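Listed here are the chains, written in short residue letters.
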2 protein chains.
Amino acid sequence: MVIRYPNGRQFKGEQQKKQTSSKELTYSNRGMTLEEDLNVTNQYYLEKKQAVIHKKPTPVQIVQVDYPKRSAAVIKEAYFKQASTTDYNGVYRGRYLDFEAKETKNKTSFPLQNFHEHQIEHMKQVLLQNGIAFVILKFVVTDQIFLLDATHLIHFYDQKDSNRKSIRKTDIEKYGFLIKIGYHPRIDYLQVVDSVYFPDEL
Amino acid sequence: MVIRYPNGRQFKGEQQKKQTSSKELTYSNRGMTLEEDLNVTNQYYLEKKQAVIHKKPTPVQIVQVDYPKRSAAVIKEAYFKQASTTDYNGVYRGRYLDFEAKETKNKTSFPLQNFHEHQIEHMKQVLLQNGIAFVILKFVVTDQIFLLDATHLIHFYDQKDSNRKSIRKTDIEKYGFLIKIGYHPRIDYLQVVDSVYFPDEL
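Residues numbered from 1 in each chain as written. Chains lettered and ligands numbered in written order. Predicted model: local features only at pLDDT ≥ 70, side-chain atom pairs only at ≥ 80, totals over all residues. Heavy atoms only, no water.

Taking an unreviewed UniProt entry as the reference, chain A is identified by name as Holliday junction resolvase RecU belonging to Halalkalibacter krulwichiae. UniProt, in its Function (unreviewed entry) section for chain A, records the words "Endonuclease that resolves Holliday junction intermediates in genetic recombination. Cleaves mobile four-strand junctions by introducing symmetrical nicks in paired strands. Promotes annealing of linear ssDNA with homologous dsDNA. Required for DNA repair, homologous recombination and chromosome segregation." Recorded in UniProt under Subcellular location (unreviewed entry), the annotation for chain A is "Cytoplasm". (UniProt positions renumbered as here; feature names shortened; annotations may be inferred.)

Below is the structure:
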């Protein structure tokens, strides 16, 4: 049975995830999700003292907790809550960095339903505070990953009411930047961040 | 029965919390925890477009999820995980802001056991990236709240091995800054942030 988060993403037990992310990191690495690759990348940046970027925990509404003697508290009833922000944030070169990462199996466009109203709202708020906000978009079939500045996503999203349901891949290629996929770091998005947001310092 | 998070903070059902934070905001406001006051303050900053600062969700290790027909997924078994970062972060004037908030019932000192090794480590990493990092410390008995830059906390924490178990309140008064407690915003810590981290722009 497939279990899903409120955002539609498939739920896998944390145990299972841990196993996957521990060993056997092959270069092509087809079995890894975008999230797992980004977590490994962020860990790399952290160890190399390049940036401090973390994925936020999945927000959970806790209803009932048991507190057995001599062992850890057990949450017996809880529900997934919708996040009020994007999933990733942190600090790079003193600047605030904020992003959401999504993947699609589509070949020619990226469905806008991957993003929620409140996430778009959050990105607008971050831009207003002069933070750096973007999305990392993965086309699974071609194994291509793009960085697209939030201003472009917001522009496309705001046309949603007038029939737009997705962003054309050609538009992502035009306004976004292809991220190099490697071994270590896996998804070197800071290289793109450098060229896009810190062009004077290259 | 008192249920506690791994950090020792008392667990209250989320429902209960929500009730508390909704109405009846009196000025003295003795019933509110520091966390609740900060959430209301951050919401105020967000609405006034002053800053985008959120508390991170409590990290939970999910083990078992039920997926009943026609209703939301129910988490049936989960455990509290220790957070690998501080609780609050966000963006203010383009800069990355990061802090942890703690309260004590002590009158003359602040116990260092309120902070975990990995949180101190995280603050060091943030400082290295030129982020703004501090702690908000509340003395419950006198209703005083201080902002103390992370460099000072780290300094005191690193003396922990050599018998130090707490920071003297006189040191907090000397190196920290008293935050004005008000009605709206409750805990106007950005006023202190302005004077400490943006002195040239006042």
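The structure having been displayed, the exposition proceeds.
(A) Spotlight on unusual backbone geometry. All names here are of chain A. In this structure, Pro185 follows His184 across a cis peptide bond, with omega equal to 5°. Mapped onto the fold, Pro185 is located in the loop between strand E12 (177-178) and helix H6 (189-197). We note that Arg93 has phi near 50°; this positive angle belongs to a residue other than glycine. As for its placement among the helices and strands, Arg93 is situated in the loop between strand E6 (88-92) and strand E7 (95-104). Accessibility expressed as a relative area gives 32% for Arg93, which makes it partly exposed. A positive phi angle, close to 60°, is found at Asp143, a residue other than glycine. (Helix = DSSP H or I, 4+ residues; strand = E, 2+ residues; numbered from the N terminus. Buried < 20%, exposed > 50% of the residue type's maximum accessible area, 1.4 Å probe, protein only.)

(B) Inspection of the UniProt feature "binding site: Mg(2+)" (unreviewed entry) in chain A at higher detail. All names here are of chain A. As annotated by UniProt and renumbered to match this structure, "binding site: Mg(2+)" (unreviewed entry) occupies Thr85, Asp87, Glu100 and Gln119. A compact arrangement is adopted by the annotated residues: their sequence extent is 35 residues, whereas the largest C-alpha distance between any two is 9.3 Å. By the element assignment, Asp87 lies in the loop between strand E5 (74-80) and E6. Relative to the elements of secondary structure, Glu100 occurs in strand E7. If near-sequence neighbours (up to four positions away) are discounted, Glu100 is found in contact with Thr85, Thr86, Asp87, Phe115, Gln119, Met123, Phe134, Val135 and Ile136. (Contact = heavy atoms within 4.5 Å.)

(C) Seen up close, the UniProt feature "site: Transition state stabilizer" (unreviewed entry) in chain A. What UniProt calls "site: Transition state stabilizer" (unreviewed entry) maps, in this numbering, to Lys102 of chain A. Relative to the assigned elements, Lys102 of chain A resides in strand E7.

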